[in-house]
Amino acid sequence: MSRISVLFVCLGNICRSPTAHAVFQSMVDKQGLSDQIYVDSCGTGDWHIGHAPDSRSQQHALNRGYQMDNLRARLVVDNDFDQFDYILVMDKQNLADLKAMNCQNFTGELGLFLDFCRNPNFSDYSEVPDPYYSGDQGFSLVLDLIEDASAELLLQIKDRL
Ligand code: 4NP
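Quick summary incoming for the structure in this document. (Residues numbered from 1 in each chain as written. Predicted model: local features only at pLDDT ≥ 70, side-chain atom pairs only at ≥ 80, totals over all residues. Heavy atoms only, no water.)

**Topic: the packing of aromatic side chains**
Which entries qualify depends on this criterion: Pairing of aromatic side chains here covers Phe, Tyr and the six-membered ring of Trp, requires ring centres within 6.5 Å, and sorts the geometry by plane angle: under 30 degrees stacked, over 60 edge-to-face, intermediate tilted. For helices the rule is a DSSP run of H or I covering at least 4 residues; for strands it is a run of E covering at least 2, with both sets numbered from the N terminus onward. For every residue, the accessible area (1.4 Å probe, protein chains only) is compared with the maximum for its type, and the residue is labelled buried under 20%, exposed over 50%, or partly exposed between those bounds.
All chains considered together, the criterion is met by five aromatic pairs. With a centroid separation of 5.7 Å and an interplanar angle of 75°, the aromatic rings of Phe8 and Phe24 are classed as edge-to-face. In this pair, Phe8 sits in strand β1 (residues 4–10) while Phe24 sits in helix α1 (residues 16–30), placing the two residues 16 residues apart along the sequence. By relative accessible area, Phe24 is classed as buried at 0%. Linked through ring pairs, Phe8, Phe24 and Phe113 together constitute an aromatic cluster.

**Notes on unusual backbone geometry**
Peptide bonds are, in most cases, trans, and in most cases residues other than glycine have a negative phi. Phi at Asn13 is positive, roughly 60°, even though this residue is not glycine. Relative to the helices and strands, Asn13 is located in the loop between β1 and α1. On the accessibility criterion, Asn13 (3% relative accessible area) is buried.

**Re the pattern of salt bridges**
Two side chains with opposite charge may pair up if their charged atoms get near one another. Going by this rule: Only one rule defines a salt bridge in this text: a Lys or Arg side-chain nitrogen within 4 Å of an Asp or Glu carboxyl oxygen.
Inspection of every chain in the model, using the stated rule, returns eight salt bridges. Note that Asp40 is salt-bridged to Arg74, the shortest N-O span being 3.0 Å. Separated by 34 residues along the polypeptide, Asp40 in strand β2 (residues 37–43) and Arg74 in the loop between α2 (55–63) and α3 (80–83) bring together distant segments of the chain. Arg74 sits in the partly exposed class, given a relative accessible area of 24%. Glu147 serves as the salt-bridge partner of Arg64, at 2.9 Å between the closest nitrogen and oxygen. Linking Arg64 in the loop between α2 and α3 with Glu147 in helix α5 (residues 136–160), this pair joins segments that are 83 residues apart in sequence. Taking relative accessible area as the criterion, Arg64 reaches 30% and is therefore assigned partly exposed. The network of salt bridges with shared partners includes Arg16, Asp91 and Asp130.

Structure, rendered in structure tokens:
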């Protein structure tokens, strides 16, 4: 039985990537695929290591039925390039930061998570906007974008299992 692993990356690992982690994990769990798909998230910045997700992200996620209070922020490490099949980032700066790391031998897929978006309403978004300094709408948009990209990512991964 093949096993696919997915790492979501943002800057602080307290808003966008833990939201992606929780949403995608929930979809994986609902389809009974948690033994075959491993999900994790991390950040490129070290300010929030060990912290739970931002309380606003947690509340907005919970409003849609996603629990994320068990997640803790961690920093991306070189070893992640040996461990994961997909490393999916929230914005172009995350991508540049990862490409500056020791990733030359990475054989998986490294790219923008929103490349998986299928809803034409989101075609203007190549990045998940950082909601940290935004209001409720920013956190809600993060969830809208992540739910759409997660559904397509799961379809594509299921084809490979
Ligand atoms: P995230 O949001 O990258 O989606 O987790 C941020 C959270 C915290 C900070 C920046 C972005 N910060 O500068 O502390």
